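Notes for the structure review
Residues per chain, in single letters:
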Amino acid sequence: MNSDILQKPETTEIKLKILSVVGARPNFMKISAVADAIREHNEAKGAPEIASVIVHTGQHYDRRMSKLFFEDLRIPKPDYNLEVGSLSHARQTAEIMKRIEPVLIRESPDFVLVVGDVNSTVASALVAKKMGIRVVHVEAGLRSFDMSMPEEINRILTDAISDMLFITEKSAEKNLMREGADAGKIFFVGNVMIDTLLKHRAKAERSPILSDLKLTGPDGAGKITPYSVLTLHRPSNVDDPIRLGEIMNAIADISSRLEVVFPVHPRTAGKLQETNFHPVRGIRMIDPLGYLDFLKLMIEAKFVLTDSGGIQEETTALGVPCLTLRENTERPVTISEGTNRLVGLDNKKIIAAAEDILDRGAGRRGIPELWDGKAALRIVESISSFFLNASAGKHKES
Ligand code: UD1
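Because the structure is predicted, anything quoted here is derived from the model rather than measured. (Residues numbered from 1 in each chain as written. Predicted model: local features only at pLDDT ≥ 70, side-chain atom pairs only at ≥ 80, totals over all residues. Heavy atoms only, no water.)

**Some thoughts on the overall build of the chain**
What counts is decided by this rule: Elements are defined by DSSP. Helices are runs of H or I of four residues or more, strands are runs of E of two residues or more, and each kind is numbered from the N terminus. As defined in this context, the radius of gyration uses C-alpha atoms, and a globule is described by 2.2 Å times the residue total to the power 0.38. Each residue's exposure class comes from its accessible area (1.4 Å probe, protein chains only) as a fraction of the maximum for that residue type: buried when under 20%, exposed when over 50%, partly exposed otherwise. It only takes one pair of heavy atoms within 4.5 Å for two residues to be counted as in contact.
Across its full length, the chain carries 16 helices and 13 strands. Here the C-alpha atoms of the chain give a radius of gyration of 21 Å, agreeing with the 21 Å that 2.2 N^0.38 yields for 398 residues. Principal-axis analysis of the C-alpha atoms gives the chain an extent of 70 × 40 × 40 Å. A buried classification covers 56% of the 398 residues belonging to the chain. Excluding contacts between residues fewer than 6 apart, the proportion of contacts in the chain whose partners are at least 24 apart in sequence is 69%.

In structure tokens, the structure reads:
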């Protein structure tokens, strides 16, 4: 376990300490926005009021799944890396719990902030709560109502023990209230993932990825060859070789109309070997990309095919059509207001939806409420006032 000691700012100025946990790829863009907002808060106050500690659980560890995101997004180097790596769900969750406990004892933060729905989220929330540390969940209340998804279990359990629930869309409030959450704990603040997207969009526009993939001329000059983007990693889509092979057959069909660029997740890369699918010319299988390159790829795509949660939101913010290869989504606002369409697992439906976009185009739709680049600032200010109120209450009582 790497336990670099945190460079602590002057203790006299510090009012509260937030320990943020990251583990898997979709966590990094969320924590990037929170770390920036803490820095901006301290700059505005002219003093390091909030101390920030970052713990990386090591759930994702490949350079392309982790370090590249810290570099692209200039996220401060984690103060601790628990290096848990890939294990079964039970062992991975248990290892994170065992390894984060001494960190929480040593750092004694006022809040543990967790994001999203991965195993690192629920494991660290559970340890913190049992130690009497307040838990803050960013991206709370999303529900697919599909308990076969490990993420759904992680979301429900994390929300049930969180002290502050920060939500990205109104549907989350209904879900939380239905499960008995106290309304006073719920804060509608917008979407930190979109904060990061808006902040890095201009930089991403300059990424050389299109010329690297020969989808434009050198230096990005010339017309862009029309293409779509594919991502796949959900266990329900990729773990069964027959199911994965069927999806790839639908994609091969689409690739006869336009190129499909497919950055392959490591989980999927392993599983593809077991299918009867043979590479076809129109499908460009590449290694996972960094944040800026992938953002550029989405910006210029005719449409995106995905089973990811975050990409449904990013395409909505970009106004790029998204075909979601799932039967449900925990992010319904991307359908009601955004560019997302659920196409399920029926090959005919997938191909028909792709053709519909190519033939009829897809008009840009709206941006959901509060997806305005300021969600993380709202979160940091809410935590700060919650803490000041709680401290004032304590003083009154004593
Ligand atoms: C995890 C999250 C999922 C999230 C996804 C984003 C859980 C339950 N799942 O799924 O919600 O959408 O991350 O990517 O937390 N591997 C590598 N290198 C890595 C990481 C993983 O090769 O850096 C391979 C390993 O073979 C591993 C497999 O990918 O067994 C799956 O990784 P894991 O973290 O267990 O789950 P993901 O499918 O990535």
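Right, picking up where we left off after that structure.
**Quick look at the domain arrangement of the chain**
The cut-off we apply is this: Domain delimitation in this document rests on an assignment produced automatically or drawn from a domain database. Buried surface area refers to the total accessible area, computed with a probe of radius 1.4 Å, that the two partners give up upon joining, counted for both partners together. A carboxyl oxygen of Asp or Glu within 4 Å of a side-chain nitrogen of Lys or Arg is what we treat as a salt bridge. Counted as a polar contact is a pair of N or O atoms within 3.5 Å, where, for protein atoms, one must be capable of donating a hydrogen and the other of accepting one, and residues adjacent in sequence contribute only when both atoms are in side chains.
Splitting the chain by domain gives domain 1 (3–190 + 371–397) and domain 2 (201–360). The C-alpha-based centres of domain 1 and domain 2 are spaced at 29 Å. Regarding the contact of domain 1 and domain 2, the summed buried area is about 1800 Å², with carbon and sulfur atoms giving 57% of it. Together, Arg 64, Asp 72 and Trp 371 form the three largest contributors to the area buried by domain 1 at its contact with domain 2, with a combined 28%. For the pair domain 1 and domain 2, the number of links is four salt bridges. We note a salt bridge from Glu 139 to Arg 331, for which the minimum N-O separation is 3.0 Å. Where domain 1 touches domain 2, the interface holds eight residue pairs in polar contact (both at pLDDT 80 or more).

**With respect to the nonpolar core**
Rule in force here: To qualify as a nonpolar core, a set must consist of buried Ala, Val, Leu, Ile, Met, Phe, Trp, Tyr and Cys residues joined through side-chain atoms within 4.5 Å.
Core analysis: the biggest nonpolar cluster contains 60 residues, and Leu 113, Leu 297 and Ile 383 have the highest contact counts within it. Composition of this core by domain shows at least three residues from each of domain 1 (3–190 + 371–397) and domain 2 (201–360). The contact partners of Ile 383, leaving out residues within four places of it in the chain, are Leu 16, Ile 18, Phe 111, Leu 113, Val 136, Met 164 and Phe 166. Core analysis: the second largest hydrophobic core is formed by 27 residues, Ala 252, Ile 254, Ile 283 and Leu 305 among them.

**Remarks on the sheet that holds strand S6 (residues 164–167)**
Applied cut-off: Any two strands between which DSSP finds at least two bridges are classified as paired.
If you trace the seven strands from one edge of the open sheet to the other, you get S3-S2-S1-S4-S5-S6-S7, paired in parallel fashion. Of all the strands in the sheet, the pair left with one neighbour each is strand S3 (80–81) and strand S7 (186–188). Bridge count for S6 against S7 is three bridges, and the pairing is parallel. Within S7, the position partnered with Leu 165 by the bridge is Ile 186.

**Remarks on the side chain of Thr 121**
One can find Thr 121 in helix H4 (residues 119–130). The class for Thr 121 is buried, based on a relative accessible area of 2%. Side-chain polar atoms of Thr 121 contact the backbone oxygen of Val 115, separated by 2.8 Å. Excluding anything up to four places from it in sequence, Thr 121 contacts Val 114, Val 115, Gly 116, His 137 and Thr 158.

**Overview of a nonpolar patch on the surface**
The cut-off we apply is this: Note on patches: the residues involved have over 30% relative accessible area and no salt bridge, like charges join within 9 Å, and the nonpolar side chains Val, Leu, Ile, Met, Phe, Trp and Tyr join within 5 Å. A 1.4 Å probe and the Shrake-Rupley method give the accessible areas. Residues count as covered only by the protein chains that appear here.
A cluster of nonpolar side chains, contributed by Met 147, Ile 153 and Leu 157, occupies part of the molecular surface with about 280 Å² of accessible area. Inspection of the secondary structure puts Leu 157 in helix H5 (residues 150–160). Owing to a relative accessible area of 48%, Leu 157 belongs among the partly exposed residues under this scheme.

**Examining the site of the ligand**
We apply this condition: We call a residue near a molecule or strand as soon as one heavy atom of that residue lies within 4 Å of the molecule or strand.
Taken together, 18 residues form the shell around the ligand, and within it Gln 59, His 60, Asn 119, Glu 151 and His 233 come nearest. Glu 151 is positioned with one of its side-chain polar atoms (N or O) 2.6 Å from an oxygen atom of the ligand. Taking Arg 267, its side chain carries an N or O atom lying 2.9 Å from an oxygen atom of the ligand. Notes on the ligand: free accessible area 740 Å², of which the protein chains cover 83%.

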